[in-house]
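Overview (structure and organization)
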Amino acid sequence: MPSGADDELPRQLVRTRRFGLGLPRGALIARGSGRVLFLRSDAGDDPVMHLWVHDVASATTRRLVDARALDAAVGGTAGDSEEERARRERARELAEGITAYSADLDLTTVAFSHRGRLVTVDVPSGRVHVGDDDDGAVFDPRVAPDGSAVALHRDGGVDLHVLTDGGGAPSERRWRLAEEGVAWGRAEFVAAEEMGRGRGLWWSPDAARLVIARVDEREVARWHLADPTDPSSPVRTVPYPAAGQANARVGLAIVDAQDATRTDVALSAADEYVAVVRWQVGPLTLLLQERDQRRARIVTVDPGTGALTPVRELTDPAWVDLVPGSPAWSSGRLVTVEPAGMGDAARQRVHVDGRPVSPVDLEVRALIAVDDHQALVEVSAADPCSVRVVAVPLDGVAEPRSVGRLTATERGIERASVGPDGPDGVRVEVLTDLGRDRPSVRIVRPSPDRSAPDLEHELDVVSEVPVVAPRPRLLELGPRRLRAALLLPPDAPPDARLPVLLDPYGGPHAQRVLAARSAHVTSQWFAERGFAVLVVDGRGTPGRGPVWERAVHGDLAGPVLEDQLDALAAAVELEPRLDASRVGIRGWSFGGYLAALAVLRRPDVVRAAVAGAPVTDWRLYDTHYTERYLGQPEHDAAAYARSSLIDQQGRLLGAADWGADPPALMIVHGLVDDNVVAAHALRLSRALLADGRAHRFLPLPGVSHVAGADDLAARLLGLELAFLRERLAPG
């Protein structure tokens, strides 16, 4: 392979924002299904997202809003709010332009924030109105279901504007809700980062009221982030609720859209986390978690009094899962996704009023939509590497044969967006198949029995195809049938001795071993440079049921490291070209933690590690994530000692003797990371130096948790490659 090719994929990853550009996303479907809105850039290397509208009847698509034209209209006089920058970070948003929007049920009126300005759009006419910036930067505008008004967060409070002229220029502000020292109408850090709740505003179905989150962060510790490459730049101070420390106090108020009359929701002191707020179909419904996350309540709220009515209580000796889309309502019945079964046979299943109705062999991963008769869900079956979209009947216990399919794909990754039922009961769905070399996005209207669509056409996908063609060999390794992907150099002879590169994430909430070639692009790039790359999903990763995920409860280190090494041993037995004397590991975030863990605790096996943005002391990570697995530090100190790499005094924990032939460790960290703060890496480096252990530290100035879209990000993979080649010396 020519040496110049080493730069080709890294630059493509940056140019295409990891192949996310050019792919339709963020679809909303009109009530009655006449139109679909979505976001997409003009090309696979164009970072600017525009808003598009697709007419279902004529199968035609047109650009509704050009983000570059908006830039010209704004003129650069306004900028994104701090809240918008935080939203992009929480969402790992790498694109530019229009990246989020809201609309009424009929998709006649759209609103979004662009460079701090409120933008409203009348969809039928295409008229666009850009507001001024006199009152501060706008964040997360939410259009009323009937299109009559828009509510938004600005400067710590909530404004409500009436929309006139068919969604054109907003009238004067009707009212403002604000309070000194408190933020109204946005999500707190852990809700956006860990719970999947990025919002703080919800309209009632009749557009008469709003539920608004009240976020009081005055007791949350302040952490200070600075870019040392620019000493003149101001320090950024953020509220960060670290494990064992104070959370934001979150309340909810029901506010009348006409006169701002306010009714507080009667939350109790035990309701530490407002995890879910639903008010689209059925009553106003909340899912509330206690601090230890072992108990959650589903309650309905009386909009007139704020009183709570208990509907269902969920308990678990480890933690109660938050499943996207759950809970929901179907004709007065509560639809949830909860564990069912015993032992290793337990699965997350669809429940109706507490009774499981989905097949026992399906692991339900998300609840997409519910109607009177069925639930549309994302599931994995025997193969956790695939995610399918299926329909589950809500009456009776469904057998596998009665689950309706939307696609014929047996292996791959599918996603779906569903519109509300129209007056005639017709519903249109947008299906994304990520299992191909280039993803496909289809608009379908399924037949009543979901055996086949009676309408189907594709939206244009203009994403780039990777310059490397992944060839993963999907395996099940060892007695735990660890799912793994093995990628080898394409020209490796039968007698080759290949250095092994472990390439995991390895922790909760994320899989690396997927039946999608695009998931293995970077691993293939390393394989084509002389490595046998092994990607393993061990205990704690999703897709294999609650027991599998809960195996890391109280210990985030032992099971995950053991599974990586067990899979390595099994792969060496299976493929004799793997050289077990030359093993390295690379990872980012939890994967970076796992990489550092491996080289510190098992240097006899792992001889080189690249640890990117690693968590090194779990006391420095956030409450909702950390305490779910390890409890609170003052009560569960042993769990933190088992799982952390360093203690509170900055000493190494559980590190083996490196001996006369020490392994090689490179630590990489963004200096303005507000998720895994740079203190993790800096404290580990200090502990290593204090213990006389040589290592490399690569600081990334100006970089947060995700390396962005600049030359520095493009060079990073090449630096990792050079480091691993130096230590493991591929032939």
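Values in this document were obtained by computation on a predicted structure and should not be read as measured data. (Residues numbered from 1 in each chain as written. Predicted model: local features only at pLDDT ≥ 70, side-chain atom pairs only at ≥ 80, totals over all residues. Heavy atoms only, no water.)

**Digging into the overall build of the chain**
Within the chain, the secondary structure is distributed over twelve helices and 44 strands. In terms of C-alpha radius of gyration, the chain reaches 26 Å, essentially the compact-globule figure of 27 Å for 731 residues. Along the first, second and third principal axes, the C-alpha atoms of the chain reach 75 × 60 × 50 Å. The proportion of buried residues among the 731 residues of the chain is 58%. (Helix = DSSP H or I, 4+ residues; strand = E, 2+ residues; numbered from the N terminus. Rg over C-alpha atoms; globule rule 2.2 N^0.38 Å. Buried < 20%, exposed > 50% of the residue type's maximum accessible area, 1.4 Å probe, protein only.)

**Observations concerning the pairing of strand β17 (residues 222-225)**
Of the two faces of β17, the one holding Trp223 and Leu225 is buried and the one holding Arg222 and His224 is not buried anywhere. Here four bridges tie β17 to strand β18 (residues 236-239), and the two strands are oriented antiparallel to one another. Its bridge partner lying in β18, Arg222 is registered against Pro239. (Pairing = 2+ DSSP bridges.)

**Regarding the sheet that holds strand β38 (residues 482-487)**
The strands making up a sheet are joined through hydrogen bonds of the backbone, oriented either antiparallel or parallel. Reading across from one edge, β37-β38-β40-β39-β41-β42-β43-β44 is the order of the eight strands in this open sheet, with mixed pairing throughout. In this open sheet, the two edge strands, each paired with only one partner strand, are β37 (473-477) and β44 (696-700). Across the sheet, the mean angle from the axis of one strand to that of its neighbour is 20°, orientation sign disregarded. Pairing analysis gives five bridges linking strand β39 (residues 498-502) to strand β41 (residues 578-588), with the strands arranged parallel. The residue of β41 that forms the bridge with Leu501 is Gly584. Each of β41, β42 (608-612) and β43 (664-670) is contacted by helix α8 (residues 590-601), which is oriented at about 140° to β41, the strand it contacts most. Its contacts with the sheet place helix α12 (residues 711-728) against β39, β41, β42, β43 and β44, and it is angled at close to 160° to β42. (Axes fitted to C-alpha atoms, helices over the stretch in contact; angles between N-to-C directions. Contact = heavy atoms within 4.5 Å.)

**As for the sheet that holds strand β23 (residues 295-301)**
Across the sheet, four strands lie side by side as β21-β22-β23-β24; this open sheet has antiparallel pairing. Only two strands of the sheet have a single partner each, and these edge strands are β21 (273-278) and β24 (308-315). Averaged over all pairs of adjacent strands, the angle between their axes in this sheet comes to 20°, without regard to strand direction.

**Notes on the environment of Pro24**
Tracing the chain through its elements places Pro24 in the loop between α1 (8-15) and β1 (25-29). Its relative accessible area of 6% is what places Pro24 among the buried residues. Separated by 416 residues in sequence, Pro24 and Ser440 place their C-alpha atoms 9.1 Å apart. The contact partners of Pro24, leaving out residues within four places of it in the chain, are Phe38, Leu39, Arg40, Val441, Leu459, Asp460 and Val461.

**Describing helix α7 (residues 558-574)**
Spanning 17 residues, α7 covers 24 Å between terminal C-alpha atoms, matching the ideal 24 Å at 1.5 Å per step. Inspection of α7 places Pro559, Val560, Leu561, Asp563, Gln564, Leu565, Ala567, Leu568 and Ala571 among the buried residues, and these make up the whole buried set. Contact partners of the buried residues in α7: β37, β38, β39, β40 (532-537), β41 and α8. (Expected span 1.5 Å × (residues − 1).)

**Side note on the side chain of Asp140**
Mapped onto the secondary structure, Asp140 falls in strand β10 (residues 138-143). Overall, Asp140 belongs to the buried group, its relative accessible area being 12%. A polar side-chain atom of Asp140 sits 3.1 Å from a polar atom in the side chain of Arg142. If we ignore the near neighbours within four places in the chain, the residues touching Asp140 are Ala151, Leu152, Arg199, Gly200 and Leu201. (Polar contact = N/O pair within 3.5 Å; in protein donor to acceptor, adjacent residues only side chain to side chain.)

**Remarks on the packing of α1 against α12**
Relative to each other, α1 and α12 sit at 145°, their axes nearing to 8 Å. For the pair α1 and α12, the crossing hand works out as right-handed. From α1, Pro10, Arg11, Leu13 and Val14 reach across to α12, where they touch Asp711, Ala713, Ala714, Arg715 and Leu717. Each residue belonging to the contact of α1 with α12 can be placed in one class, and the counts come to six nonpolar, no polar and three charged. (Left-handed = near helix turned anticlockwise from the far one by under 90°. Nonpolar A, V, L, I, M, F, W, Y, C, P; charged D, E, K, R; others polar.)

**Topic: helix α11 (residues 679-690)**
With twelve residues, α11 ought to run about 16 Å at 1.5 Å a step, and its terminal C-alpha atoms sit 16 Å apart, in line with that. Buried within α11 are the following residues: His680, Ala681, Leu684, Ser685, Ala687 and Leu688. Within α11, the buried residues cover an arc of 165° as seen down the axis, which keeps them to one side. Away from the buried face of α11 by more than 90 degrees, exposed residues Arg686, Leu689 and Ala690 are located. Among the structural elements, α8, β43 and β44 are those in contact with the buried residues of α11. (Arc of directions from axis to C-beta.)

**Brief notes about the packing of aromatic side chains**
Summed over the entire model, instances satisfying the criterion amount to 14 aromatic pairs. Geometrically, the ring pair formed by Phe590 and Trp618 is tilted, given 6.2 Å between the ring centres and 45° between the ring planes. Taken as a pair, Phe590 in helix α8 and Trp618 in the loop between β42 and α9 (623-630) lie far apart in primary sequence, 28 residues in all. For Trp618, a relative accessible area of 1% corresponds to the buried category. Through successive ring pairs, a cluster of aromatic residues spans Trp319, Tyr505, Phe590, Tyr593, Trp618, Tyr621, Tyr625 and Tyr629. Seen from the ring of Trp52, Arg40 lies directly overhead, with NZ or CZ sitting 4.3 Å from the centre. The ring centre of Trp548 lies 3.8 Å from the NZ or CZ of Arg544, which sits over that ring. (Phe/Tyr/Trp six-rings, centres within 6.5 Å; stacked < 30°, edge-to-face > 60°. Lys NZ or Arg CZ within 6 Å of the ring centre and 35° of its normal.)

**Remarks on empty space enclosed by the protein**
Unfilled space is identified by rolling a water-sized probe across the atoms. Inspection of every chain in the model, using the stated rule, returns one cavity of 30 Å³ or more. There is about 50 Å³ of room inside the largest cavity. Forming the boundary of the largest cavity are Pro384, Cys385, Arg483, Gln511, Val513, Asp537, Thr541, Pro542, Arg544 and Trp548. Across the lining of the largest cavity, the residue classes tally to five nonpolar, two polar and three charged. (1 Å grid on protein atoms, 1.4 Å probe; cavity = no way out; pocket = protein on both sides within 12 Å on 5 of 7 lines; lining within 4 Å. Points joined across faces, edges and corners; volume = space filled by probe spheres on them.)

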